[in-house]
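Listed here are the chains, written in short residue letters.
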Amino acid sequence: MPQLSVQLGGKTYVWAAVMDEAHVLSRAAQARAVRLVSIVTCAKVIVLALLALLFLFAQDADGFFTLAFWLTPSWAGVFVYAALLGGLFFWAHLRISAAPMVSMPRTQEPVAEVLALDRVNGAVNIETLLSPDAIKTVEAAFELASSSGHGHVEPLHLFVGALADENVGIVFDRLGLTSASIQDPVSRRLSTRPVGKPTQVSQEAERVILEAFRQALKDGRGSVSALELFAASYQADPFLQELLLDNRVDAQPFWNMIAWLRIHERMRERYEQFKKAALYKPTGAMNRSMTSVATPMLDAVSEDLTAAAVEGRLPMLVERESEIEEILRVIEGGRQSVVLVGSPGVGKKAILAGVAELMVEELVPPILQDRRLVRISIPHLVSGVDGAQAQERLLLVLTEVGKSRNIILAITDIDQLVSDAGAVDLAATLVDFLARSGAFAIATATPQAYSAVVERSVLGREFQKVEVREPDHTAAIHMLESKIGGIESEQGVVFSYEAVEKAVTLTDRYMHEAYLPWKAIEVARETALAVFKSKGAHALVTAEDVGAVVASKTGVPTTSVAEDETAKLLSLESRMHGRVIGQDEAVQAVSAALRRARTELRSSGRPIATFLFLGPTGVGKTELAKTVAETYFGSEDNMIRLDMSEYQDASSIHRLIGAPGSGQGGLLTEAVRKNPFSIVLLDELEKANPDILNIFLQVFDDGRLTDAVGRTIDFTNTIIIATSNAGTQYIQDAVGRGEDLAAIKTRLLDMELRGVYRPEFLNRFDGVIVFKPLTQTDVLAITELFLHQVGSRLEPKGIAFRAEPDAVAELAQKGFDPKFGARPLRRLVQEEVDNAIADALLQGKVKRRDTIVLLKGGTIRIDASQAL
Amino acid sequence: MITPSKQLVVRTTVSLAMHESLFLPLWWYSRGLLETAEWLLASVRGSVKFFGVDVWVKNLFVPMYGDASIPGRFISFGVRLSMVVVRGAGAAAWSVLAVVLLFAYVFVFPLVLFGFFAHLIGVLA
C-alpha cells in the first residue's frame, strides 16, 4: 500500500508497484515475453511473405497487380493476406510495448513536495514512468533485501541496486570511487538491517522513488532514470553521505557530478531538438518571408551568428538563463537595444551565441522571429580608412540593415566605435540609426569600457545595460562540465571530477587577471594536452595534473604536498637554522606560518603571513627573510625587497602603486603582479612616511591592493616581512639587564613603538617578533657559518678549506660588535680570510686537492695533497 | 539477479500474444486510432511550417526584398498571393494525403482480415 504521494495538476502520483518475488519474476518474464513476441512475429511475417512470393511465382507473378488476384481465392493470396495481417499485428505490438500506460506529466507549475497519501482511489501509479534501468535498480534493490532476509527495501538497497547502471558507473569513475572502496562498509551496514518476511518497500525507499520522480519532472525528462534513484537515495540516507565523505567525496562534488551528467543529457536532447528546428532556418541573407534584401556591404564586415548556429559552430549555453531572459525582456518590453557588460572571459559572446540558438529555434518573442543575428566586426569596418570614410562605411552597412528589416545587430566591444575611429561620430551614427529605424542591437563591453566610454557617450542613452557577472564556483563548474566533453574528444583523455573542480578552484584562487569560466576552460584544455602528451590516449586527467599546469603558469605550488615535501616542511626549523643562528622564536613562528600555508589551513583572503621583525642591526632579520624565500619560494630571487628609507615623503606612494594617469603600475604592485608567489621584504620600515604605511593596512587585511591603472593586485600568495630597528636601544638594554623576551616585547608594543607605528598597524601583523642581540656563542656559530661559506666557494676549484678552532674563536672575538651584530664579522672574514686565500691563489701556491688551513693570527697554511 | 524460469517466460509469451491478438481490434480503433490521428495532425501542422504558409500569409502585405514603392508593393502582393496559393496547395495536398492515410488506417484492418479469411475459405472449399 502506498503511503506517500506527489500532487500535480490535480492528480495524485504514487509508487504502487507490487514488490514481491512473484511480481518481480512476472515483470522480468513480461519483459522477455515482449521481446520474444517481437522476434516470433517478425519471423512469422518474413516466412509468410516468402511463402507468398513462392506461390506467387509458381502461379503468375504479374497477376499480383490485378484486382482479380486480391478478390479470387488462391494460396498466394492467403499468404499475402496472412503476411499483411502479421505485419499489422507486429506494428501494433511495437506501438503498444513502446508506449507507457501513463506519460510523464508536463507542467510549468512548481513541483509539489512529497506528502502523506490521503486516499488511494484515483491515484496514478508511476511504475511505468520508470525507465527499464530504473526498474532494474528497484528490482535489484528488492532482490538484495529479500536475499539478505531484510524486512524492508531501504534507500541503501536502492543505492546498491543502482551501481550496475552505466551512468552511475560514470559518476563513480569520475569521482574516483570504486565498488571495492565502499564494499566493506556497505556490507557491515547491510548486516545491521532488521530482518523480516516478506520484504516490503519501506516508506523511506518510497520517498526516494517519489523524489526521483520529482527531479525527473523538474528536469523535464521523459522518464525516471536509475541516476535519479541513485541521487535521491544518497540524499535520503546520512550513512551514504558519510560513506562517500570517507572516500573524500562530500555533497558538493557529488551533486556537481550528477549535474554534469544531467547537463550532458540536456545538451544531447537540446541538440536533437535544435537540429530539427534548424532545418527551417535560412542560412543566407534572405529570410523565410522574403522581406529582406541582399546585404553585400554588411556581409563583408560581419559574421552571421544564426547561420553559424544552424551549422553547429556555436557552443551550447549553460547557466545563463537569467541573463538571456533579461535581454529578451528588455528587447520585447522596452523595444530597446542591450549592452552586455562583463569582464573578459565571463561569457558575453557565449550569451550572444545562446540568443542566436534561440532565434534558430524561434523560441524568442515575435519581434525577434524570422530574423538573423549578425555580428559586426568594428576592426573590419574601420580598417585602412580615416574617420569620415569609416562613418560612410557604417552608414552603408546600416542602410542595408534598415532595408533588410530582418537583422539584429550584435556588436562586440562597442566602445571601439568611440575610441578606435577617433571620433564620437560612429557611435552617434549608430544611435541615430537605431532610434529612427526601430532596429535593435545587442552589444558587449567590459565594465571599464562601459564606465569610461559607453556610459558617457550617446550610446549610454540608447543601450540598456545588462550585467553579466562572473559565475560563482558551482556555476563555473557546470559551465566547464559542459565543455569537458569537447575537450575530452579533442585530446582523447578523460577528466576526473576532481580535475574539473580543481581547474575552477585553482584558477579562481591564483589567476586573478582573468575571469571564470574562460580561465578554467583554458587550463582544462592545456592540462588535457599535457596529459595526452605525457601519458598517452585514454589517460585520466587528475587534480594533480591540473595543479601542475596552474603551478607552471603562476609559479605557485598548487599540487598536494608530496611525501618528500612533508619531511621538508616538518624539518623547516632545522633547515632554517642552517642559515640563521639563534632567534629560535622567529624561526619557529615563520616555520609554523609556512606549514599552515602549505596545508591550506590559512585564511585564503589574506597574505600567507605578515611579520614584523624588530631588533638591532646584524642579528639575522634580513637573513631569515632570505632563508624563507629560499626554503619556501624556491629561491632567494623570489624576494621583492623594498628599502623603505626611500619612501620618506608622502608623494613617494606613487612609486609604490603608480602615479595616477600614468597608465603604469608602481614598483611594488608591478613586482607582485608579475611574481605573485614571493616574499615582500619591507626593510627599515620605521623610516617610511606614516601615510605610506596606511596602504599596507589594506594589504594585510584583504590581501589586495589597487594600483594606479585600476588593477587589483593579489597579495594572498605573498609573505610580507617588515624589518625595523625601532626600539633597538631598549632591546639591547633590556637584554643586557637579563629581562624576559616576552616582557621586552610587551613593553616594546605598549611604549617604545607607540611613537613610531600606529597601534592598528602593529595589530595587523600576524606576529611581531623580537630578535635578540647576539651572544658570544651565537657569534662563534656565525663565524663557523661564514667560514663554511668560504669553504663552499672554494669547493668548485677542488680546494678544501678548514679553520683551526683557536682561529675561529679569534675571528669571533675580533669581529663581534654589540652595536652592529654580525655585519662587522662578515667584513672581517672577507678582509682576513678571503684576501689571504685570493693572494695564495694568485701566487699559484694552491693547487687542486690542496687544503687551506686558517690559523690563529689570520694566516693560512697550505697542506699540499699527494701527487696523483 | 532474479531470473524467471523458461516455463514462466513461455507461459507469459503465449498469454501476451493471445492477449494482444484478442484485443488488437479494440486497440486498433481506440488508442491506436487516436495516436495515428494525432501523428497525422502533427504532420499536417509540420507541412504548413515546411511550406511556410503561415509566414507568407502573415507577410501578405509586406513588400518583398525591401521594395516599398507602390509598384513594388503591388508586385509583392501578387507574388505573395500566388506563393500562398502554391504553398497552400502543397500543404493541402499533404493534408489530403493525411486524410487518405487515416481512412486507410481505419479500413486496412478489416479489409486484410476479410481478405485472409475469404481466400482461405475459398481455397479450402
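This one's a predicted model, so the numbers in the text were calculated from it and none came from an experiment.

Caption draft 1: Structural detail: the overall build of chain B. Scanning chain B for helices and strands turns up four helices and zero strands. The C-alpha atoms of chain B give a radius of gyration of 26 Å, which is well past the 14 Å a tight globule of 125 residues would have. For chain B, the spread of C-alpha atoms along the principal axes amounts to about 80 × 55 × 20 Å. Split into buried and exposed, the 125 residues of chain B put 32% on the buried side.

Caption draft 2: Just the packing of helix α11 (residues 251–278) of chain A against helix α23 (residues 497–510) of chain A, in detail. Residue and element names in this part refer to chain A. One can describe the packing of α11 onto α23 by two numbers: an axis separation of 11 Å at closest approach and a directional angle of 105 degrees. Between α11 and α23, the angle is such that the two are roughly perpendicular. Contact residues: Q252, P253, N256, M257 and W260 in α11; Y497, V500 and E501 in α23. Each residue belonging to the contact of α11 with α23 can be placed in one class, and the counts come to five nonpolar, two polar and one charged.

Caption draft 3: Region of the structure containing the interface of chain A and chain B. Every contact between the two is made by 47 residues of chain A and, on the other side, 47 residues of chain B. Summed over both partners, the interface of chain A with chain B comes to about 4,000 Å²; 73% of that surface belongs to carbon and sulfur atoms. Ionic pairing is found between B:E35 and A:R95, a salt bridge with its closest N-O pair at 2.6 Å. Where chain A touches chain B, the interface holds five residue pairs in polar contact (both at pLDDT 80 or more). Put simply, the parts of the chain that give the side of chain A that touches chain B at least two residues each are α1 (21–59), α2 (67–71), α3 (75–98) and α4 (132–147) of chain A. Here the side of chain A that touches chain B takes 14 residues from α3(A), the largest share from any one element. Taken together, the residues of the side of chain A that touches chain B sort by class into 31 nonpolar, eight polar and eight charged.

Caption draft 4: Looking closely at the pattern of salt bridges. Residues and elements named next belong to chain A. In this structure the tally under the stated criterion is 44 salt bridges over all chains. Put simply, R174 and E488 hold a salt bridge, and the shortest N to O gap is 2.4 Å. In this pair, R174 sits in helix α6 (residues 166–174) while E488 sits in helix α22 (residues 473–491), placing the two residues 314 residues apart along the sequence. The exposure class of E488 is buried, given its relative accessible area of 13%. Across the pair E636 and R579 runs a salt bridge whose closest N-O atoms are separated by 2.8 Å. Of this pair, E636 sits in the loop between α29 (621–633) and β16 (639–643) while R579 sits in the loop between α27 (572–577) and α28 (584–598), and the two are 57 residues apart along the sequence. The class of E636 is partly exposed, set by a relative accessible area of 34%. Among the ionic contacts, a cluster of salt bridges with common partners joins D219, R221, E228, R262, E265, R268 and E272.

Caption draft 5: How the structure looks around the packing of aromatic side chains. Residues and elements named next belong to chain A. Per the stated rule, a full pass over the model turns up 28 aromatic pairs over all chains. Judged by centre distance (5.4 Å) and plane angle (40 degrees), the rings of Y13 and F213 are tilted. Here Y13, found in strand β2 (residues 11–14), pairs with F213, found in helix α8 (residues 203–218); they are 200 residues apart in sequence, far enough to count as distant. Under the relative-accessibility criterion, Y13 is labelled buried at 4%. A relative accessible area of 0% means that F213 is categorised as buried. On the basis of an interplanar angle of 25 degrees and a centroid distance of 3.7 Å, the ring pair of Y234 and F254 is categorised as stacked. Within this pair, whereas Y234 is found in helix α9 (residues 226–236), its partner F254 is found in helix α11, the two being separated by 20 residues in sequence. For F254, a relative accessible area of 0% corresponds to the buried category.

Caption draft 6: View of the domain arrangement of chain A. One can read the domain layout of chain A as domain 1 (130–267), domain 2 (280–467), domain 3 (473–560), domain 4 (564–770) and domain 5 (776–863). A separation of 73 Å is found between the C-alpha centroids of domain 1 of chain A and domain 5 of chain A.

Caption draft 7: Spotlight on the environment of A:R193. All names here are of chain A. Of note, R193 is situated in the loop between α7 (179–191) and β6 (200–201). If we ignore the near neighbours within four places in the chain, the residues touching R193 are H150, E154 and H157. Of note is the side chain of R193, whose polar atom sits 2.9 Å from the side chain of E154.

Caption draft 8: Inspection of a nonpolar patch on the surface at higher detail. Residues and elements named next belong to chain B. Judged by side-chain polarity, W94, V96, L97, V100 and L101 come together as a nonpolar surface patch covering roughly 420 Å² of accessible area. For V96, the location among the structural elements is in helix α4 (residues 70–124). For V96, a relative accessible area of 51% gives the class exposed.

Caption draft 9: Region of the structure containing the sheet that holds strand β15 (residues 609–614) of chain A. All names here are of chain A. In space, the five strands of this open sheet follow the order β16-β17-β20-β15-β21, with parallel pairing throughout. Each end of this open sheet is capped by a strand with a single partner; those strands are β16 and β21 (767–770). Adjacent strand axes in the sheet meet at a mean angle of 20 degrees when their direction is disregarded. Both β15 and β21 contribute to a ladder of four bridges, which runs parallel. Note on β21: the bridge partner recorded for L612 is V768.

Caption draft 10: Region of interest: the side chain of A:H157. Residue and element names in this part refer to chain A. Secondary-structure assignment places H157 in helix α5 (residues 155–162). Take H157: its relative accessible area is 0%, and that puts it in the buried class. At 2.8 Å, the side chain of H157 and the side chain of H150 are in polar contact. Look past the residues within four positions of H157 in its chain and what remains in contact with it is A141, L144, A145, H150, H152, L190 and R193.

Caption draft 11: Main features of the environment of A:S482. Residues and elements named next belong to chain A. Along the chain, S482 falls in helix α22. Judged by relative accessible area, S482 falls into the buried class, the value being 10%. Sequence-wise, S482 and P447 are 35 residues apart; in three dimensions their C-alpha atoms are separated by 26 Å. In this view, S482 contacts I263, M267 and V318; residues no more than four positions away in its chain are not counted.

Caption draft 12: Fine view of the pairing of strand β20 (residues 719–724) of chain A. Residues and elements named next belong to chain A. Most of β20 sits out of view: six of its six residues are buried. Burial along β20 is two-sided: I719, I721 and T723 and I720, A722 and S724, pointing in opposite directions, are all buried. The pairing of β15 with β20 spans six bridges and is parallel. Residue pairing for β20: L612 is matched across the bridge by A722. Across four bridges, strand β17 (residues 679–683) lies against β20 in parallel orientation. Bridge pairing in β20 links I679 to I719.

About the thresholds
Residues numbered from 1 in each chain as written. Chains lettered and ligands numbered in written order. Predicted model: local features only at pLDDT ≥ 70, side-chain atom pairs only at ≥ 80, totals over all residues. Heavy atoms only, no water. Helix = DSSP H or I, 4+ residues; strand = E, 2+ residues; numbered from the N terminus. Rg over C-alpha atoms; globule rule 2.2 N^0.38 Å. Buried < 20%, exposed > 50% of the residue type's maximum accessible area, 1.4 Å probe, protein only. Axes fitted to C-alpha atoms, helices over the stretch in contact; angles between N-to-C directions. Parallel < 35°, antiparallel > 145°, perpendicular 65-115°, else oblique. Contact = heavy atoms within 4.5 Å. Nonpolar A, V, L, I, M, F, W, Y, C, P; charged D, E, K, R; others polar. Buried area = accessible area lost by both parts, 1.4 Å probe. Salt bridge = Lys/Arg side-chain N within 4 Å of Asp/Glu carboxyl O. Polar contact = N/O pair within 3.5 Å; in protein donor to acceptor, adjacent residues only side chain to side chain. Phe/Tyr/Trp six-rings, centres within 6.5 Å; stacked < 30°, edge-to-face > 60°. Domains from an automatic or database assignment. Patch = residues over 30% accessible without salt bridge, like charges linked within 9 Å, V, L, I, M, F, W, Y side chains within 5 Å. Areas by Shrake-Rupley, 256 points an atom, 1.4 Å probe, with all protein chains shown as cover. Pairing = 2+ DSSP bridges.

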